[in-house]
Amino acid sequence: MKAKKKEIKDYDSVDTTGMIDRGKRMTLKDLGFELPAEPPTQVVSIRLPTPLLNRIRAEASAKDVPYQALIKLLLDDSLRRVHKA
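Criteria and thresholds
- Residues numbered from 1 in each chain as written.
- Predicted model: local features only at pLDDT ≥ 70, side-chain atom pairs only at ≥ 80, totals over all residues.
- Heavy atoms only, no water.
- Phe/Tyr/Trp six-rings, centres within 6.5 Å; stacked < 30°, edge-to-face > 60°.
- Lys NZ or Arg CZ within 6 Å of the ring centre and 35° of its normal.
- Helix = DSSP H or I, 4+ residues; strand = E, 2+ residues; numbered from the N terminus.
- Expected span 1.5 Å × (residues − 1).
- Salt bridge = Lys/Arg side-chain N within 4 Å of Asp/Glu carboxyl O.
- Patch = residues over 30% accessible without salt bridge, like charges linked within 9 Å, V, L, I, M, F, W, Y side chains within 5 Å.
- Areas by Shrake-Rupley, 256 points an atom, 1.4 Å probe, with all protein chains shown as cover.
- Buried < 20%, exposed > 50% of the residue type's maximum accessible area, 1.4 Å probe, protein only.

(A) Highlighting the packing of aromatic side chains. The tally for this structure, following the rule as stated, stands at 0 aromatic pairs. Positioned over the ring face of Tyr67 is Arg57, at 4.6 Å from the centre of the ring.

Structure (structure tokens):
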């Protein structure tokens, strides 16, 4: 890790624009990156009654977890129980 930080600092003081070949198209794979076929999470919008959301937030606070994480846990637990029955 120290070597990588040193390398980054070394390049901070060097003009690297000459190292880029604008004629050669690069892909993410060339740079060592690969995007997953499907995003690991997706954004969902859901309307909840205010009293229910307040109960979820209170429960999440009591368990010291973010309320969105608690909603995910509750949904997962509920689906597991449905599929076992």
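Text resumes after the structure shown.
(B) Spotlight on helix H2 (residues 50–63). For H2, built from 14 residues, the straight-helix expectation of 20 Å at 1.5 Å per residue is met to within 8% by its first-to-last C-alpha distance of 20 Å. Phi turns positive, to about 60°, at Asp64, one or two residues after H2.

(C) Quick peek at the pattern of salt bridges. With the rule as written, the count across this model stands at 3 salt bridges. Residue Glu59 pairs with Lys63 through a salt bridge whose shortest N-O separation is 3.7 Å. Remark: Lys63 and Glu59 occur in helix H2; sequence separation between them is 4 residues, near one turn of the helix. A salt bridge links Asp77 to Arg81; the shortest N-O distance between them is 2.6 Å. In this pair, Asp77 and Arg81 both sit in helix H3 (residues 67–84), 4 residues apart, roughly one turn of the helix.

(D) Here's a closer look at a nonpolar patch on the surface. A cluster of nonpolar side chains, Met26, Leu28, Leu31, Phe33 and Leu35, forms an exposed patch at the surface whose accessible area comes to about 540 Å². Relative to the helices and strands, Phe33 resides in the loop between helix H1 (2–12) and H2. Taking relative accessible area as the criterion, Phe33 reaches 52% and is therefore assigned exposed.

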